[in-house]
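Results of the structural survey
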Amino acid sequence: EVSVSELGLGYESDETVLFRYCSGTCEAAVRSYDLSLKSMRSRRRIRREKVRARPCCRPLAYDDDVSFLDAYNRYYTVNELSAKECGCV
């Protein structure tokens, strides 16, 4: 649980929300694309800062929208905030 203000979305609110996130490695999800991209980067055919050469763990689905009142009694709804399902993409 975190306060809405801690989310860093620009809202001032002491209300708390449940923030679920994804983490972990995705080595099992490596495909031919990832292997070829890694090879091209190591040969300096593609600049390193332009691409990531491995899959990453990201939300595949999100929990319901989150609604709250800010410090000025304004009502907001934020969608796609908390991860419901994670996977390698």
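Below or above, wherever it landed, is the structure these notes cover. Everything numeric here is computed off the predicted structure, so don't read it as measured data.

The biggest cluster of nonpolar side chains holds 6 residues, and these are Val4, Val17, Val66, Phe68, Val78 and Leu81. Look past the residues within four positions of Val4 in its chain and what remains in contact with it is Tyr11, Ser13, Glu15, Val17 and Phe68. Within the second largest apolar cluster, 5 residues are counted, among which are Cys22, Cys26, Ala29 and Ala83.

Looking now at the state of the cysteines. Per the counting criterion, the structure on display carries 2 disulfides. The disulfide partner of Cys22 is Cys86, and the gap between their sulfur atoms is 2.0 Å. Residues Cys22 and Cys86 are joined through a disulfide that is left-handed, its torsion about the S-S bond being -80°. You can see Cys22 sitting in the loop between β2 (16-17) and α1 (32-42) and its partner Cys86 sitting in strand β6 (residues 83-88), a full 64 residues away along the chain.

To continue, consider the pairing of strand β5 (residues 75-78). Relative to β5, strand β4 (residues 66-69) runs antiparallel, the two sharing 4 bridges. By the bridge assignment, Phe68 is partnered in β5 with Tyr76. Where β4 folds back on β5, the antiparallel hairpin that results is connected by 5 residues, among which Asn73 adopts a positive phi of roughly 60°.

What follows covers the side chain of Asp70. Secondary-structure assignment places Asp70 in the loop between β4 and β5. Reaching out from Asp70, the side chain makes a polar contact with the backbone nitrogen of Tyr72 at a distance of 2.8 Å. Discounting residues that sit within four places of it in the chain, Asp70 has contacts with Glu12, Ser13 and Tyr76.

Rules used throughout
- Each chain carries its own residue numbering, running from 1 in the direction its sequence is written.
- Note on the predicted model: pLDDT of at least 70 is required for a residue's local features to be given, and 80 or more for side-chain atom pairs to be given and counted; whole-chain, interface and lining totals, by contrast, use all residues.
- Values shown for side chains rest on all heavy atoms present in the structure; no hydrogens or waters enter the calculation.
- By convention a nonpolar core is built from buried Ala, Val, Leu, Ile, Met, Phe, Trp, Tyr and Cys residues, the set being connected through side-chain atoms within 4.5 Å.
- Buried means the residue's accessible area, taken with a 1.4 Å probe over protein chains only, is under 20% of the maximum for its type, while exposed means over 50%, and partly exposed covers the values in between.
- In this description, contact between two residues means that some pair of their heavy atoms is separated by no more than 4.5 Å.
- The disulfide criterion is simple: two cysteine sulfur atoms within 2.5 Å.
- By definition, any uninterrupted DSSP run of H or I lasting at least four residues is a helix, any uninterrupted run of E lasting at least two residues is a strand, and each is numbered from the N terminus.
- Strands pair, by our definition, only if DSSP identifies at least two bridges between them.
- Under the rule applied, a polar contact is a pair of N or O atoms within 3.5 Å (in protein, one hydrogen donor and one hydrogen acceptor; residues adjacent in sequence only if both atoms are side-chain atoms).

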